[in-house]
Amino acid sequence: MGEDRFEIQFERSGGLAGASLQAKVDSAQLPEADAGELRRLLDRVDLVAAQAPPRGADRFQYDIKVRHGGKWQSATAYDGSMSPELKALTDWLVAHARRPKNNS
Amino acid sequence: MRKTCTCFFVQPAVLEHIVRTGTPEQRDIALETLGRDHSIRTVRLQNALLSDFYQLRSRSLVEPTPGTIKRVIFDAEQSENAETTKVVWNEGDKAVADPAVNEAADGLGATFRLYWEIYKRNSIDDRGRNLNAVVHYGKNYDNAFWNGSRMVFGDGDGEFLTRTTQGVDVIGHELTHAVTESTANLAYTGQSGALNESISDAFGSLVKQYAAGQTADQADWLIGDKIVGKALKGKALRSMAKPGTAFEGDNQPAHMDHYVKTTADSGGVHTNSGIPNCAFYHVAMAIGGKAWEKAGLIWYDSLRDPRLTPDSNFQRFAQLTLRAAQHHFGAGAESKAVTEAWKAVGIVLT
């Protein structure tokens, strides 16, 4: 994998329940199809762009840290004020966090 | 020398012309006439305003009288579009086949009733605002939230959360976020955010208790007990009586010594709310009877106190609850209950 390898630390918090949902992902340990899909999702997002919290209360908060090529990048985002690309990434990570643990 | 003014109906423009160009004598007369003219105009203006006032009053007779509920339920049809325009239920409609719609309408109604019948609050903004709710938001969406204009309800995934409209306390919780927004507008971060959350839990629980006619000792003091799924491994989302015991992994503190510092969840707003939640529970239990009558009134008045500002912390709110208790009930058992309840969670009042 080499330089293509990436790691993600993900947490969804907040929401009415306030329950935390977490995942750690290492591309080297993902099935190839999943790693490819996740890489495509990552390529499309701009993690640096700040996401201001939207109005209201009880929204989900997403904290995403990505390590690629020895560098960490991080972003905090909220339901209701995310770009469609970032939404697609968080949807994937939520589904991954929910999956029975065998590949993370 | 001034002469007694003989009154003519002269146009103000002509009088002004005389003031500017006339002899000193003419000028005096013109000025005096202008002054009187001005005062007459003032009286006329006042009369006009008064008559407008009466018209406005009679006009308001055809508007909804205060305390008239107006609910609209929208269906997001499993999209994540909270601004959907698809209306599935309007005020006055009969129950429909979709239970989420009926539950939302009933929950909004129960919340409206508590605020109006007990606190004389005319809807969430105290000005009779419509209550708009969206059901079936998202696919298996494990959340309900207030988006600044609508109450939005997900169906849950059935494992962690079930259909969120099933909890009348959940609906009361979300609507109370709107009440807080139009009163103290507590910032949704850190302690002010946890206070915001706690106020939603307190009134969410009161909505449930009021609807069931329960006294404080009969109430379960749980939040979301009707919407937890098996995977959450617990009886509710939160326990106000025993914070930190609602489900496996519930890390709510019940004392300032265990305040959780975190950047997740807007600074732990759903976690540290356990501290004021527990204080409210203690106040209600110590006073006894129906919690909305005294404990709820003390909390409601504190929420509306102008000294409660967006950046207020627990200490500020606690102090205001004591003032409110003293104002309503003097220095007796109620005030003592408030002081003791905050002391039990690590907040000392002066």
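Up top is the structure these notes are about.
Note that the structure is a prediction, hence the values are computed from the model and not measured. (Residues numbered from 1 in each chain as written. Chains lettered and ligands numbered in written order. Predicted model: local features only at pLDDT ≥ 70, side-chain atom pairs only at ≥ 80, totals over all residues.)

## Thoughts on the packing of helix H3 (residues 99-119) of chain B against helix H5 (residues 190-212) of chain B
Residue and element names in this part refer to chain B.
Logical step 1: Put simply, H3 and H5 touch, their axes get as near as 9 Å, and they point 90 degrees apart. If you check the angle between H3 and H5, you find them roughly perpendicular. Between H3 and H5, the contacting residues are Ala110, Thr111 and Leu114 on the first element and Leu206, Val207, Tyr210 and Ala211 on the second. (Axes fitted to C-alpha atoms, helices over the stretch in contact; angles between N-to-C directions. Helix = DSSP H or I, 4+ residues; strand = E, 2+ residues; numbered from the N terminus. Parallel < 35°, antiparallel > 145°, perpendicular 65-115°, else oblique. Contact = placed C-beta atoms within 7 Å.)

## Notes on the nonpolar core
Logical step 1: Counting residues in hydrophobic clusters, the biggest one holds 93 residues, and the most contacted among them are Ile73(B), Ala104(B), Ala133(B), Val134(B), Phe153(B), Phe280(B) and Val283(B).
Logical step 2: For this core, the two domains that each supply at least three residues are domain 2 (66-175) and domain 3 (183-350) of chain B.
Logical step 3: Once residues within four sequence positions are removed from consideration, Ala133(B) is found in contact with Ile73(B), Phe74(B), Ala104(B), Leu108(B), Arg150(B), Met151(B) and Phe153(B).
Logical step 4: In this structure, Phe10(A), Val25(A), Ile64(A) and Met82(A) belong to the second largest nonpolar core, which totals twelve residues. (Core = buried A, V, L, I, M, F, W, Y, C linked by C-beta atoms within 7 Å. Buried ≥ 20, exposed ≤ 12 C-beta atoms within 10 Å, placed from the backbone. Domains from an automatic or database assignment.)

## Quick look at the interface of chain B and chain A
Logical step 1: Between chain B and chain A, the residue contacts involve 21 residues of the former and 19 residues of the latter.
Logical step 2: Of all the secondary-structure elements, those providing two or more residues to the side of chain B that touches chain A are strand S4 (144-146), helix H4 (168-181) and helix H6 (265-272) of chain B.
Logical step 3: For the side of chain B that touches chain A, the element with the highest residue contribution is H6(B), accounting for four residues.
Logical step 4: Split into classes, the residues belonging to the side of chain B that touches chain A amount to eight nonpolar, ten polar and three charged. (Nonpolar A, V, L, I, M, F, W, Y, C, P; charged D, E, K, R; others polar.)

## Observations concerning the sheet that holds strand S5 (residues 151-154) of chain B
Residues and elements named next belong to chain B.
Logical step 1: Spatially, the five strands line up as an open sheet ordered S2-S1-S3-S5-S4, and their pairing is mixed. Both outer strands of the open sheet, strand S2 (87-90) and S4, are each paired with one neighbouring strand and no more. Each strand axis lies, on average, 20 degrees off the axis of its neighbour in the sheet, ignoring direction.
Logical step 2: Along the sheet, H3 makes contact with strand S1 (71-75), S2, strand S3 (131-137) and S5, crossing S3 at roughly 150 degrees.
Logical step 3: Relative to S4, H4 is tilted by about 20 degrees, and along the sheet it contacts S4 and S5. (Pairing = 2+ DSSP bridges.)

## Points about H4(B)
Logical step 1: Across its 14 residues, H4(B) extends 20 Å between first and last C-alpha, which sits within 8% of the 20 Å expected from 1.5 Å per residue.
Logical step 2: Taking burial as the measure, the 14 residues of H4(B) include 13 buried ones, the bulk of the element. (Expected span 1.5 Å × (residues − 1).)

## Focus: the pairing of strand S1 (residues 6-14) of chain A
All names here are of chain A.
Logical step 1: Bridge count for S1 against strand S3 (residues 60-68) is nine bridges, and the pairing is antiparallel. Looking at S3, one finds that glycine 14 is bridged to phenylalanine 60.
Logical step 2: Of the pairings in the sheet, the one linking S1 to strand S2 (residues 21-26) comprises six bridges and is antiparallel in character. The residue bridging glutamine 9 from the neighbouring strand is lysine 24, located in S2.
Logical step 3: The hairpin turn running from S1 into S2, its antiparallel successor, is six residues long, and glycine 15 in that turn takes a positive phi close to 80 degrees.

## A look at the pairing of S5(B)
Residues and elements named next belong to chain B.
Logical step 1: Burial of the side chains of S5 extends over both faces: Met151 and Phe153 are buried on one face and Val152 and Gly154 on the other.
Logical step 2: Of the strand pairs in this sheet, S3 and S5 are connected by three bridges, and their pairing is parallel. Its bridge partner being in S5, alanine 133 is matched across the sheet by methionine 151.
Logical step 3: Pairing of S4 with S5 involves three bridges; the strand directions are antiparallel. By the bridge assignment, phenylalanine 145 is partnered in S5 with valine 152.

## A look at the environment of His96(A)
Residues and elements named next belong to chain A.
Logical step 1: Here histidine 96 lies in helix H2 (residues 84-98).
Logical step 2: Here histidine 96 falls in the partly exposed class, since 18 other C-beta atoms lie within 10 Å of it.
Logical step 3: Considering only alpha carbons, one finds histidine 96 and aspartate 34, 62 residues apart in sequence, at a separation of 9.9 Å.
Logical step 4: What histidine 96 contacts, discounting residues up to four positions off in sequence, is Ala23 and Val25.

## Brief notes about the sheet that holds S2(A)
Residues and elements named next belong to chain A.
Logical step 1: Pairing in this open sheet of four strands is antiparallel, and the strands run S2-S1-S3-S4 from one edge to the other. Edge positions in the open sheet fall to S2 and strand S4 (71-78), since each of these has one partner strand only. Adjacent strand axes in the sheet meet at a mean angle of 10 degrees when their direction is disregarded.
Logical step 2: Of the strand pairs in this sheet, S3 and S4 are connected by eight bridges, and their pairing is antiparallel. Each residue of the ladder has a partner; that of lysine 65, found in S4, is serine 74.
Logical step 3: Relative to S2, H2 is tilted by about 95 degrees, and along the sheet it contacts S1, S2, S3 and S4.

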